[in-house]
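Structure assessment
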Amino acid sequence: MKHSVIFTLLLAAVAALTCSCERELDFNVGDTDRELTVYAVANAGAQFQAYVTRSFSTSRSPNFYQVIETKDDMLRRVYLSSMVVKDAQVTAVVNGSDRYEMTYDTTTTSYRCAYVPRIGDEVALTAKAQGFNDASAVTTVLAPIEIHDLQYEIVPDQAVDPSIRDSHPGDTWRDLYGADTVMRATFTFHDPGGVKNYYRMRVRNIGEMEDLPGMVIYSVGDVFKSDSPVFFDRSLPVGYGLWDKNFSDVFDDHLIDGQDCTITVSGRKRSWSKRRMIVELQSISPEMYYFLKSLMVYRISVDDVYSTPVQIYSDITNGWGVLGSVSGIPHTIEYGD
């Protein structure tokens, strides 16, 4: 009997393939109810944490709709009671010697420890729980990539009809809290040659508004555009949300191996005050690259009855999910009120 698997995508900080090192997953996955789902990211300088949940076959997944009218915080209650594994034994072993026992934190619903990853660390993570298979994975903490010659300019949004822009400033029909202009940033980075490198581009435009004394509301836009060929991905023929089709913020270095690469990115300027743009080019591990790429393909095909079933990449042995490494240096551009 064929089954599919529901993955608890814990994007708590967190942000989709064919490759020789990709884990091939058979749709006849067997007893998924005995397998743990683990999500963890090793980021140099940030406290290490891991999320551990159950995995469910479609026939055994929780029915969220039966309780949707019962509680205001229904999703959290069902998630905590039916998905999260709170009594697991989760251990991180660093560089084969330093051992950290991780404890469950009710506030974040994650397992935490005192370990703060350092560049070059090898992190081996294991998760054990009664009634489940032991799950494990290994990753190496990467060094962040440096960017140079960061420059920016503010330009009118050519995609907005002038009559709409003049009569309804700020209302672009696509981004209610975006201004009628865009921030355009250009920078250069060097791709180390002779080794396969993987990247994720993050661009965020942020504005602030004081709603009540001492209470600040943030307007954040993280969708960006670019004409650089590194972002082109033919496996994404359909756009998602405000993201354009054939566009991925995750890419590898097959076009730029060993070269200097100059990239221009643009994102909508925010309304309100204290506005700024944050540009961050992240180095990501191979397993993180394949996981994010497969997730992108999954999210544009999940509602398409004619699409081929998509299996989300996993590097967790005897389980599901991902243990990966992400590192980057955020660069903030203040562009005022």
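Quantities reported herein were computed from a predicted structural model and do not represent experimental measurements.

Remarks on the overall build of the protein chain
Scanning the protein chain for helices and strands turns up three helices and 18 strands. Considering the protein chain as a whole, with its 337 residues, one finds that 46% of them fall into the buried category. For the protein chain, the exposed area adds up to about 17,700 Å²; of that, 50% sits on carbon and sulfur atoms.

Overview of the environment of D260
Checked against the element boundaries, D260 lands in strand 15 (residues 260–270). Residue D260 is classed as exposed on the basis of its relative accessible area of 56%. C-alpha separation for the pair D260 and H190, spaced 70 residues apart in sequence, amounts to 4.3 Å. When neighbours within four sequence positions are excluded, D260 is seen to be in contact with T188, F189 and H190. Of the polar contacts made by the side chain of D260, one reaches the side chain of H190; its length is 2.8 Å.

Things to note about the pairing of strand 8 (residues 122–128)
Residues V123, L125 and A127 line the buried face of strand 8, whereas the alternating positions E122, A124, T126 and K128 sit on a face that is not buried. In this sheet, strand 8 lies alongside strand 5 (residues 89–94) in antiparallel orientation, the contact comprising six bridges. Directly across from V90, in strand 8, lies its bridge partner A127. Sheet topology places strand 8 next to strand 9 (residues 135–140); six bridges connect them, and they run antiparallel. Among the inter-strand pairings, A127 is bridged to a residue of strand 9, identified as A135.

Points about unusual backbone geometry
One non-glycine residue, N95, adopts positive backbone phi at about 55 degrees. Take N95: it is sitting in the loop between strand 5 and strand 6 (98–105). In this structure N95 comes out as partly exposed when scored by relative accessible area, which is 39%. Its identity is not glycine, yet N318 carries a phi of approximately 60 degrees, on the positive side.

With respect to the pattern of salt bridges
In total, this model carries nine salt bridges according to the counting rule given. Linking R204 and E280 is a salt bridge whose minimum nitrogen-to-oxygen distance equals 3.7 Å. With R204 in strand 12 (residues 198–212) and E280 in strand 16 (residues 273–284), this residue pair connects regions lying 76 residues apart in the sequence. For the pair shown, R204 and E280 are each scored as buried. Linking E208 and R276 is a salt bridge whose minimum nitrogen-to-oxygen distance equals 3.1 Å. Remark: R276 occurs in strand 16 and E208 occurs in strand 12; sequence separation between them is 68 residues. Judged by its relative accessible area of 12%, E208 is buried. Assessed through its relative accessible area of 15%, R276 is described here as buried.

Examining the pairing of strand 16
Taking burial as the measure, the 12 residues of strand 16 include 10 buried ones, the bulk of the element. Of the pairings in the sheet, the one linking strand 12 to strand 16 comprises nine bridges and is antiparallel in character. Bridge pairing in strand 16 links R200 to Q282. As paired elements, strand 16 and strand 17 (residues 319–328) share three bridges and run antiparallel to each other. The residue bridging S283 from the neighbouring strand is S327, located in strand 17.

Some remarks on empty space enclosed by the protein
Empty space within the largest cavity amounts to approximately 80 Å³. Among the residues making up the lining of the largest cavity, the classes are represented as seven nonpolar, two polar and three charged. There is about 40 Å³ of room inside the second largest cavity. Every residue along the wall of the second largest cavity is listed here: V38, L125, T126, A127, A135, S136, A137, I316 and L323. Those elements that provide at least two residues to the lining of the second largest cavity are strand 8 and strand 9. Here the lining of the second largest cavity is built from residues that sort into seven nonpolar, two polar and no charged.

Definitions and limits used
- Residues numbered from 1 in each chain as written.
- Predicted model: local features only at pLDDT ≥ 70, side-chain atom pairs only at ≥ 80, totals over all residues.
- Heavy atoms only, no water.
- Helix = DSSP H or I, 4+ residues; strand = E, 2+ residues; numbered from the N terminus.
- Buried < 20%, exposed > 50% of the residue type's maximum accessible area, 1.4 Å probe, protein only.
- Areas by Shrake-Rupley, 256 points an atom, 1.4 Å probe, with all protein chains shown as cover.
- Contact = heavy atoms within 4.5 Å.
- Polar contact = N/O pair within 3.5 Å; in protein donor to acceptor, adjacent residues only side chain to side chain.
- Pairing = 2+ DSSP bridges.
- Salt bridge = Lys/Arg side-chain N within 4 Å of Asp/Glu carboxyl O.
- 1 Å grid on protein atoms, 1.4 Å probe; cavity = no way out; pocket = protein on both sides within 12 Å on 5 of 7 lines; lining within 4 Å.
- Points joined across faces, edges and corners; volume = space filled by probe spheres on them.
- Nonpolar A, V, L, I, M, F, W, Y, C, P; charged D, E, K, R; others polar.

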